[in-house]
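# Chain and residue survey
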Amino acid sequence: MARTSADDRLRRLLAIVPWVAANDGPKIADVCARFGVSQAELLADVDLLQYCGVYPFTADVLMEVRLEEDRIWIQYADWFNRPLRLTPEEALTLVASGRALLAVPGNDPEGPLARGLAKLADALQVDADEAIEVHLGNVPAGMLDTLRGAIAASRQVELDYYTYGRDARTRRVIDPWDVYAAEGEWYVQAFCHAAQAERLFRLDRIRSVSVLDRTFDPPATLPPRRVFSAEEADARIVLDLEPWARWVAGQYPMEAVEELGEGRLRVTMKIAEQAWLERLLLRLGPGATVVEGDTSVAPAAAERVLRRYTGTVAAS
């Protein structure tokens, strides 16, 4: 069974806590059934709440969890009863996040969220429509509607798809399960008949979509939404990163991150595709040193790139 990510666990907690608090001592079995967790997972989750609070971490800023026989109570800290005070930076961040949510098709542009954001923007004396622009990937017109229609009708789809990791275009038939936005991009989660496994496709890399007459049976439970997973990859590489290249540790999934001092990092990561690693190392240049793994990857890729320019630049 795949290990639950910290992000998924946090989302689960953010859903469980207000529901339990609002229902005044629900049965533990009912909470587990509602949120699809085992009793052990639920108790481990709520155990974290005793460490959640703000400075100075006194009793009035910590949540209280109480268990009695087969029931559970969660009581908010007194701190939550105080009027919320946001700095201008925090308020603007909230407006930007809300605008990102409104940009998702299907949300009411004049609903409660939009009205709340308008009030907050007015208090900040900014025009949210002019000051904040939210873009979720570059998706061709109509592609979202086409994929959502195929999902609703359980119809297979043929894609003309560019695989960034292998630097290749392929045609593949998929059973589309879900379409969602994550980290600024749109994805379709599907069963890929070419790979005979679940795959994730970025919509901005799809060249064309054709809905087929063939139908499929969707899974009873969809896998968790994700952006990238290299769990099935066997290759690993260890890199030492210069301070200006530390962004790599926050951009991609890591198996280990170690501080080396003076702003440098040592990171261990799984590699799913050689072409992706080549691009990363060429992009980082002297900012990354291969400590463990194939040290010839970057030089070989650089040599291939240089060969493409042979004879194309006139001698000065």
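Overview of the structure. Quick caveat: nothing in here was measured; it's all calculated off a predicted structure.

What the chain contains, in helices and strands, is 10 helices and 11 strands. Across the 316 residues that make up the chain, the buried fraction comes to 30%. Considering only intrachain contacts with a sequence separation of at least 6, the fraction spanning at least 24 residues in the chain is 56%.

Looking now at the environment of Pro286. Tracing the chain through its elements places Pro286 in the loop between α9 (274-284) and β11 (288-292). Residue Pro286 is classed as exposed on the basis of its relative accessible area, which comes to 74%. Sequence separation of Pro286 and Ala245 is 41 residues, and the distance between their C-alpha atoms is 9.5 Å. Leave out the neighbours within four places in its chain, and Pro286 touches Glu242 and Trp244.

With respect to the secondary-structure elements, Gln156 resides in strand β3 (residues 155-163). The class for Gln156 is buried, based on a relative accessible area of 7%. In this structure, Gln156 is in contact with Val173, Ile174, Asp175, Pro176, His193, Ser210, Val211, Leu212, Arg214, Thr215 and Phe216, ignoring residues within four places of it in sequence.

Attention shifts here to the side chain of Gln189. With respect to the secondary-structure elements, Gln189 resides in strand β5 (residues 185-192). A relative accessible area of 0% places Gln189 in the buried class. A distance of 3.2 Å separates a polar atom in the side chain of Gln189 from a polar atom in the side chain of Glu198. Beyond its immediate chain neighbours, meaning those up to four positions away, Gln189 contacts Asp175, Pro176, Trp177, Asp178, Tyr180, Glu198, Arg199, Leu200, Leu222, Pro223 and Pro224.

So, on to the pattern of salt bridges. Where charged atoms from two side chains of opposite charge come close, those side chains can pair. Evaluated as defined, the whole model comprises 12 salt bridges. In this structure, Arg202 and Asp204 form a salt bridge, with 2.7 Å as the shortest nitrogen-oxygen distance. Looking at Arg202, the relative accessible area reads 18%, which means it is buried. In the salt-bridge network here, residues are joined through shared partners; they are Glu158, Asp160, Arg169 and Arg171.

Here the focus is the sheet that holds β11. Taken in spatial order, the 4 strands make up an open sheet running β9-β10-β8-β11, and their pairing is antiparallel. For this open sheet the edge positions go to β9 (256-261) and β11, each flanked by a neighbour on one side alone. If you compare each strand with its neighbour and ignore which way they point, the axes differ by 30° on average. The pairing of β9 with strand β10 (residues 264-271) spans 5 bridges and is classified as antiparallel. Along β10, the bridge assignment pairs Gly261 with Arg264.

Before going further, it helps to examine the packing of aromatic side chains. Within the structure shown, the criterion is met by 3 aromatic pairs. Centroid distance Trp19 to Phe35: 5.8 Å. Interplanar angle 80°. Geometry classified as edge-to-face. Pair noted here: Trp19 is in helix α1 (residues 6-22) and Phe35 is in helix α2 (residues 28-35), with a separation of 16 residues, a long-range link. Judged by its relative accessible area of 23%, Phe35 is partly exposed. Over the face of the ring belonging to Phe35 we find Arg34, whose NZ or CZ atom lies 5.8 Å from the ring centre. Above the plane of the ring of Trp73 lies Arg66, whose end atom (NZ or CZ) is 4.5 Å from the centre.

With that out of the way, let us pick up the sheet that holds strand β6 (residues 197-202). One open sheet accounts for 5 strands, arranged β6-β5-β4-β3-β7; its pairing is antiparallel. What marks the edges here is a single partner per strand, and that holds for β6 and β7 (206-215). Put simply, the sheet's adjacent strands are angled 45° from each other on average, direction ignored. The pairing of β3 with β7 spans 6 bridges and is antiparallel. Following the sheet pairing, Arg155 is matched in β7 by Thr215.

Residues other than glycine seldom take positive phi values, yet Asp24 does so here, at roughly 50°. Here Asp24 lies in the loop between α1 and α2. Although it is not a glycine, Glu262 sits at a positive phi angle of roughly 55°. Within the secondary structure layout, Glu262 lies in the loop between β9 and β10. Overall, Glu262 belongs to the exposed group, its relative accessible area being 78%.

To continue, consider the pairing of strand β8 (residues 235-241). For β8, a buried count of 5 out of 7 residues is recorded, marking the element as mostly surrounded by other parts of the structure. One ladder, built from 7 bridges, connects β8 with β10; its direction is antiparallel. If you follow Ile237 over to β10, its bridge partner there is Met269. As paired elements, β8 and β11 share 4 bridges and run antiparallel to each other. When the sheet's bridge partners are listed, Leu239 is paired in β11 with Val290.

The rules we used
- Residues numbered from 1 in each chain as written.
- Predicted model: local features only at pLDDT ≥ 70, side-chain atom pairs only at ≥ 80, totals over all residues.
- Heavy atoms only, no water.
- Helix = DSSP H or I, 4+ residues; strand = E, 2+ residues; numbered from the N terminus.
- Buried < 20%, exposed > 50% of the residue type's maximum accessible area, 1.4 Å probe, protein only.
- Contact = heavy atoms within 4.5 Å.
- Polar contact = N/O pair within 3.5 Å; in protein donor to acceptor, adjacent residues only side chain to side chain.
- Salt bridge = Lys/Arg side-chain N within 4 Å of Asp/Glu carboxyl O.
- Pairing = 2+ DSSP bridges.
- Axes fitted to C-alpha atoms, helices over the stretch in contact; angles between N-to-C directions.
- Phe/Tyr/Trp six-rings, centres within 6.5 Å; stacked < 30°, edge-to-face > 60°.
- Lys NZ or Arg CZ within 6 Å of the ring centre and 35° of its normal.

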